[in-house]
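# Coordinate inspection notes
Each chain, written out:
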Amino acid sequence: NVTQFGWLEAMFSLGIIIGGCISPWLATRFSIPRIILLQVILGIVSFYLFSHTQNTHLAIFYHFLIGYSFSAWALLTTLAQEMTALEFQGRVQS
């Protein structure tokens, strides 16, 4: 169903957007590595549940959580920049 697929993709995108807004705040409160770890675990669990669900509404919810976990990329980039010497920043990540 095209409508269901549209909802899946919209909720995935919404998860990334909300994660991108909430994750930096959580990272300053609890630490970047801890939030990255939690997002990776959330992504693993969400992918597993998404792949085994028969319910469309749960699939949409799990897709939202997968999108939220993908927002860890911004934190990973920040962590990589913090770990890179200033004279090498902009040249070592691609």
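Structure: see above.
Presented here is an overview of the structure given in this document. (Residues numbered from 1 in each chain as written. Predicted model: local features only at pLDDT ≥ 70, side-chain atom pairs only at ≥ 80, totals over all residues. Heavy atoms only, no water.)

Taken as a whole and assessed by the stated rule, the structure comprises three aromatic pairs. On the basis of an interplanar angle of 80° and a centroid distance of 5.3 Å, the ring pair of Phe12 and Phe70 is categorised as edge-to-face. In this pair, Phe12 is assigned in helix H1 (residues 2–30) and Phe70 in helix H3 (residues 56–70), connecting sequence segments 58 residues apart. Of the residues examined, Phe12 reaches a relative accessible area of 17% and is grouped as buried. Measuring from centroid to centroid gives 6.0 Å for Phe61 and Tyr62, while their planes differ by 55°, and the two rings are tilted. The class for Tyr62 is buried, based on a relative accessible area of 13%. (Phe/Tyr/Trp six-rings, centres within 6.5 Å; stacked < 30°, edge-to-face > 60°. Helix = DSSP H or I, 4+ residues; strand = E, 2+ residues; numbered from the N terminus. Buried < 20%, exposed > 50% of the residue type's maximum accessible area, 1.4 Å probe, protein only.)

Moving on to the packing of H1 against helix H2 (residues 32–52). Here H1 crosses H2 at 155°, and the two axes come no closer than 9 Å. As summarised for this structure, H1 and H2 are arranged roughly antiparallel, according to the angle between their axes. Like other packed secondary-structure pairs, H1 and H2 cross with a definite hand, here right-handed. Judged by residue contacts, Leu8, Ser23, Leu26, Ala27 and Phe30 of H1 engage Ile32, Arg34, Ile35, Gln39 and Phe50 from H2. (Axes fitted to C-alpha atoms, helices over the stretch in contact; angles between N-to-C directions. Parallel < 35°, antiparallel > 145°, perpendicular 65-115°, else oblique. Left-handed = near helix turned anticlockwise from the far one by under 90°. Contact = heavy atoms within 4.5 Å.)

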